[in-house]
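Here is what each chain is made of, one letter per residue.
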Amino acid sequence: MTSAHCSWLWGGAALAVFAASAAPGMVWADSAKLILYALHFYVPSLNPGDHAGWTVLARLWLALTGFLPAAYALNLLSAVSGAVVVGGAHRLLSVWGERPSAAHGAAAVLLAAHPVWWAAAVAESYAPALALVMMGALLLIRRRGVCSLAAGVCFGLGVAAHAFALALIVPLVVASRRRGWPALAAGVVLGTAPMWLALWGVPADPLTGYTAGGGSAWWWHLSAFLDPLRMGRGVVVVAAALLVAVGPVGLWGGVRRICDGGVSYHPAPFLAVGVLVVLAALLTAYSPYRLHLMVGFLVVGLVLVAPPSLTPRWCLLHLALQAALYGGAAAAASVAGVEDLGVRQLPGRHNARYFLWPPKAGEDSAERYARELFAALPHGAVVLADFNAGAVLRLAQVVSGLRPDVEVIPTAVDEALARGDVAAALAERIAALRASGRPVVLADRWPPYYPLELLRALGYAFAPCGPGLLVEESSASQ
């Protein structure tokens with residue numbers, strides 16, 4: 001079997017695993033937000049959190065898969081992208097001259113790596129961004145001007161899909177043929193158009209209604225998500241995430257590679273390692289909420305520089321062991337009574353299973369939450385939500401046409417948190433809405449975001465309203 005056939009085989013195996021793992025509908029937070037962006041074609045934007053390149057790719061994908069529900073179709077986009085990453089890495093390493101055992105080891109590690117598998121099961125920007133990097137790298141090998149142009153488009157769109165793709169792209173571009181640079185540069189300019197076109201104006205964010213796609217969004221993003229004080233703990237978290245993603249068999253394959261000589265076939269190995277070190281340092285200070293996915297860029301970069309050497313039998317053992325480790329970790333967390341993992345709790349979501357077990361084929365907590373809340377809301381209600389729940393509610397209104405009479409304010413709680421005194425900020429908003437005669441409902445009951453006791457002290461009472469709470473005046477204040 002030729003190396004090209006093996007690459008297709010690895011890609012096909014990855015597609016089977018990732019497609020079977022794909023969530024059946026919408027999931028929480030960023031995934032719901034991105035689907036909403038795709039449906040509204042929210043471009044251009046310079047805000048790195050808007051992932052404008054992903055929006056362009058998602059719209060093209062929706063045009064091909066219009067017969068499927070939008071949320072499921074975009075979850076499948078990530079599955080296909082993950083397969084491109086696995087098969088593309090195998091092909092790229094084979095063309096660079098790596099031994100078959102190294103190409104097989106790289107594909108096996110990427111197929112079972114927690115951040116890659118997880119991101120390939122839901123509508124997120126990570127897998128498509130990595131797939132665009134792989135496609136660009138493969139095109140860059142060909143000695144044609146049109147291929148350099150296409151590679152540039154892939155690289156540019158990859159950066160527009162997720163800015164961290166730069167860590168993989170920069171070494172590849174620097175090592176490319178100088179004669180192909182003009183076409184490559186033209187392609188990059190074209191590929192990044194979903195971002196730089198924002199210099200001439202940006203549309204309103206379809207989720208929040210705010211105009212936040214300008215260049216100043218970069219400074220807000222850095223100040224909001226980067227904190228040097230996190231670096232000490234972040235080093236441990238990032239290192240642990242990398243070790244889990246590579247796994248014990250992958251580490252053994254790395255040791256075997258070193259024993260076999262350890263030469264890197266990456267076109268710019270030292271620069272690649274340097275850039276990855278910078279990215280790792282950045283991640284140690286980054287907000288931990290998406291860290292379990294962002295580590296995927298480090299895993300892919302390390303595999304391209306130094307792929308582990310594994311025979312097919314060891315590859316199969318690695319895949320089985322990684323799946324057992326993820327499932328075992330989720331079960332152990334539940335048995336130990338720490339299934340919430342100390343992070344945001346959402347109605348119906350089992351955090352340990354959600355975050356530790358990559359497949360999302362049975363994940364429907366967001367869908368159930370939206371339907372249960374909308375079914376319980378009084379006519380003309382206003383729902384005060386945080387981003388996690390609010391994005392799901394807004395998306396449910398768009399894709400399912402649920403409760404057009406209801407107004408969802410998806411970042412009301414986030415804005416209250418930013419003011420410092422959450423209860424006072426929410427009470428002020430509740431008072432203004434109730435004065436207009438509209439029923440007000442809190443989207444959730446999680447105490448850190450919805451301080452019910454403090455709101456009761458300010459004169460409010462609460463009645464159950466599905467998974468939310470209907471705000472009423474207490475009898476003492478009437």
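Everything below is about the structure printed above this text.
Residues numbered from 1 in each chain as written. Predicted model: local features only at pLDDT ≥ 70, side-chain atom pairs only at ≥ 80, totals over all residues. Heavy atoms only, no water.

Bringing the side chain of Lys33 into the picture now. Mapped onto the elements of the fold, Lys33 is located in helix 2 (residues 30-40). No salt bridge is formed by the buried Lys33; the nearest opposite charge belongs to Asp30, separated by 4.1 Å. When sequence neighbours within four positions are dropped, the list of residues in contact with Lys33 reads Gly49, Leu207, Phe387 and Ala391. (Helix = DSSP H or I, 4+ residues; strand = E, 2+ residues; numbered from the N terminus. Buried < 20%, exposed > 50% of the residue type's maximum accessible area, 1.4 Å probe, protein only. Lys, Arg positive; Asp, Glu negative; His and termini not counted. Salt bridge = Lys/Arg side-chain N within 4 Å of Asp/Glu carboxyl O. Contact = heavy atoms within 4.5 Å.)

What follows is about the pairing of strand 5 (residues 468-473). Where strand 3 (residues 440-442) lies against strand 5, 2 bridges are found, and the strand directions are antiparallel. From the neighbouring strand, Val441 faces strand 5, where its bridge partner is Leu470. For strand 4 (residues 460-465) and strand 5, the ladder comprises 6 bridges, and the chain directions are antiparallel. Directly across from Ala463, in strand 5, lies its bridge partner Leu470. (Pairing = 2+ DSSP bridges.)

For the rest of this paragraph, the subject is the pattern of salt bridges. Enumeration over the complete set of coordinates arrives at 11 salt bridges. A salt bridge links Arg403 to Asp405; the shortest N-O distance between them is 2.9 Å. Asp405 sits in the partly exposed class, given a relative accessible area of 24%. Shared partners join several salt bridges into a network, and the residues in it are Asp30, Glu124 and Arg290.

A contiguous nonpolar surface patch, about 570 Å² in accessible area, is contributed by Val189, Trp196, Leu197, Leu199 and Trp200. Its place among the elements puts Leu199 in the loop between helix 11 (193-196) and helix 12 (216-225). Residue classification places Leu199 among the exposed residues on the basis of a relative accessible area of 61%. (Patch = residues over 30% accessible without salt bridge, like charges linked within 9 Å, V, L, I, M, F, W, Y side chains within 5 Å. Areas by Shrake-Rupley, 256 points an atom, 1.4 Å probe, with all protein chains shown as cover.)

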